[in-house]
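# Chain and residue survey
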Amino acid sequence: MANKAFAWLDERLGLTTIYNVVLDRKVPKVNWWFTLGSASAILFLLQGVTGMFLAVYYVPSPQSAYDSIQFIMNGVAFGWLIRGIHHWGASLMVIVVFLHMLRTFYYGAYKYPREFTWLTGVVLLLCTLGMGFTGYLLPWNQRAYWATTVGTELPGTVPLIGPFITNVLRGGAELSAVTLTRFFAVHIWFLPAVIGALIGVHIYMVVKLGISSVPDRED
Amino acid sequence: MDDEQKQRYLEKYKQAKQQGVKFFPDIIYKDLLVSFALFIILVMLATFVGVANEPKADPSDSSYIPRPEWYFLFLFEMLKFFPGQIEWVGTIVVPTVAILALFLLPFLDRKPARYPGKRWRAIGVMGVVVLAMIALTIRAVITTPPQVEAETVATTLSESILIGQDLYSINCVECHGPDGEGGIIEGVEGLEGYDMKSISAQDEMYTRTDDTLFNVINYGQPDLGMQPFGIAYGGELSIGEIETIVDFMRYTWDDRAELPQEVTQASAMPTLGEDQVPSYDVHIEPLVKRYCISCHRPGKKNNNYLMQSYEEVMNTGDHAPNVIPGDLASNLIRMLHREEIDAGGPMPPTKALKPEIIAIFERWVLGGAPQTPEEAAAAGTVVTGTLTAPQTTAIPTP
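Keep in mind that this is a model prediction, so the values were computed, not measured.

## Observations concerning the nonpolar core
Across soluble globular proteins, nonpolar side chains have a tendency to be buried as a group. Formed by 32 residues in total, the largest nonpolar core has its most connected members in L43, V96, W118 and I195 of chain A together with L38 and L102 of chain B. Counting only elements with at least two residues in this core, the list comes to α3 (36–57), α5 (79–106), α6 (115–137) and α9 (177–209) of chain A together with α2 (23–49), α4 (87–108) and α5 (120–143) of chain B. The biggest single contributor to this core is α5 of chain A, with eight residues. Shared between two domains, this core takes at least three residues from each, and those domains are domain 1 (1–51) and domain 2 (68–143) of chain B.

Following this line, the structure appears as structure tokens:
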């Protein structure tokens, strides 16, 4: 019965083909540093899932943001765990993604034929930092508020277009409710959409080209 | 890389694959192991370290020292090397160059060599950059002054109410009374003799929302003689602190709100045995905080009698000592009994304390005005019968 069901599904979904192409393929023998890529992806998923749960209670307005997080921490069952994982996961993700980049660099894995994989990787690294920057404001506490005040002020020092950039980042001259909602939108929609799509491309490239090998003295 | 080199690479990679392992299960197994370990680390961090509780954002409090998330600290620190006019070099030129270099890396470094030992220049540059980032981060951590965070952050409603109660006692009692009952104001500059209406009455509570209460405290009501209390308007209270006061008022006075049990327990009078001597730390301090400190702190009209600590209660004041251990004719006790003496008039000026509270003060003075519970226990017992006779002075100091 189970075999029959599998055959039915396989005929329609091509499960065997997926297994053959994606899972049952030979790859070079590599070391533990090569686990950082998948760890980055898993961390992104974990941040996504915890983020969704946080979004159930979080309210992106200056009046309610802080209180809604206090409620998540004290009023919601396991809210402290979800927020704790999301909070620490952000830092860990930056570390893991950065180390992943360093490993790629160290082994020269950005070279032919993986240049394009590297390019998507750089965008992913920048997006990860963008997630850190936008997410930092959302708790709307003193630390968040003042760090973002300074962080959005810095581009203002650019000659000519500086003040314009600051204005776009803040949605006005001052940090306000508008800033909070746009950081929120960028944090939960824009950047995750870009990251999700690029992870897809990134992984497709890895499967297509195969993971790079650890170079020996002759490489 | 020319075509020949490309062919050679692909050929060699093919070999490496053939001598290699299966993606499933070998690689997947390692990946899952590492990811699972990271997940466990996160759960541990969330459970045992948690997330620091910060005070609510307060745009008016510009004394706060901004600090970015730790992984941006190196950028922050780097800016210090580009002061004044050339700041934009640090804010835009350096980051742009770094990001561009990272993007263009595969096109800048086109040599076929992959083995790190053959690429000492590229590795060297990246090594220096990473070391610089680490060094700048460490430098930022060392040089940033510690945050002055005097404010206690309430994490639960109960904590908020209790913090609010203390802040109310300090800031509001001198005009509004300990229970918001109001009355004729005495001893407050500019408001002497003003008949303050009750702010804890039902119609007050029902017609004023939390926002209204917040705004009244924050902005004050200058036309009615109430100064602003918010930092932004010249007062001393942060936004978070004002919110705790609003919580205290709402949950203590509004008969529609139910005071959490924790608060009732925490603010209940500490138990005092029939013949036990009260101590300052356990019994007197909460009373002083609640009924006296609003006026008896620096900057108020109080004949320089401050009551913020045991030492101040015992030693300060123009008519010091106001508390003489064992002497029920101490200024403090006589004034609580609403006598008019050299040291001043009845205290608290608007309304007498309840007899049972005055009794605690008397027992304490009679027992030698001990500070700690240990000293109080050592002082032994007082005969409760003497309490109602404030003129009795005969009991010697232990």
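## A closer look at the pattern of salt bridges
One pass over the full model with this rule turns up 17 salt bridges over all chains. A salt bridge links K12 of chain B to D219 of chain A, with the shortest nitrogen-to-oxygen separation between them at 3.2 Å. In this pair, K12 of chain B sits in helix α1 (residues 3–18) while D219 of chain A sits in the segment after α9, so the two residues belong to two different chains. For K12 of chain B, a relative accessible area of 28% corresponds to the partly exposed category.

## A few points about the domain arrangement of chain B
Domain assignment breaks chain B into domain 1 (1–51), domain 2 (68–143), domain 3 (157–267) and domain 4 (280–388). If you average the C-alpha positions of domain 2 of chain B and of domain 3 of chain B, the two centres end up 53 Å apart.

## Looking at the interface of chain B and chain A
At the junction of the two partners, chain B supplies 78 residues and chain A supplies 85 residues. Both sides of the chain B and chain A interface together cover about 7600 Å² of buried area, and 69% of this is carbon and sulfur. Put simply, chain B and chain A have five salt bridges between them. Between K111 of chain A and D109 of chain B there is a salt bridge, with the nearest N and O atoms lying 3.1 Å from each other. Here chain B and chain A share 37 residue pairs in polar contact (both at pLDDT 80 or more) between them. Secondary structure elements with two or more residues in the side of chain B that touches chain A: α1, β1 (21–22), α2, α4 and α5 of chain B. In the side of chain B that touches chain A, the residues fall into 50 nonpolar, ten polar and 18 charged. In the sheet, strand β1 (residues 26–27) of chain A pairs with β1 of chain B via two bridges, with the strands oriented antiparallel. What sits directly across from V27 of chain A, in β1 of chain B, is V21 of chain B.

## Topic: the environment of C295 of chain B
All names here are of chain B. Looking at where C295 falls in the secondary structure, it is placed in the loop between α12 (280–291) and α13 (310–315). Residues C295 and K17, spaced 278 residues apart in sequence, show a C-alpha to C-alpha distance of 83 Å. Other than its neighbours up to four places away in sequence, C295 contacts E174, K300 and N302.

## Quick look at the side chain of T104 of chain A
All names here are of chain A. Mapped onto the elements of the fold, T104 is located in helix α5. A relative accessible area of 13% means that T104 is categorised as buried. Setting aside anything within four residues of it in sequence, one finds T104 in contact with A109, Y110 and W118.

The rules behind the values
Residues numbered from 1 in each chain as written. Chains lettered and ligands numbered in written order. Predicted model: local features only at pLDDT ≥ 70, side-chain atom pairs only at ≥ 80, totals over all residues. Heavy atoms only, no water. Core = buried A, V, L, I, M, F, W, Y, C linked by side-chain atoms within 4.5 Å. Buried < 20%, exposed > 50% of the residue type's maximum accessible area, 1.4 Å probe, protein only. Helix = DSSP H or I, 4+ residues; strand = E, 2+ residues; numbered from the N terminus. Domains from an automatic or database assignment. Salt bridge = Lys/Arg side-chain N within 4 Å of Asp/Glu carboxyl O. Contact = heavy atoms within 4.5 Å. Buried area = accessible area lost by both parts, 1.4 Å probe. Polar contact = N/O pair within 3.5 Å; in protein donor to acceptor, adjacent residues only side chain to side chain. Nonpolar A, V, L, I, M, F, W, Y, C, P; charged D, E, K, R; others polar. Pairing = 2+ DSSP bridges.

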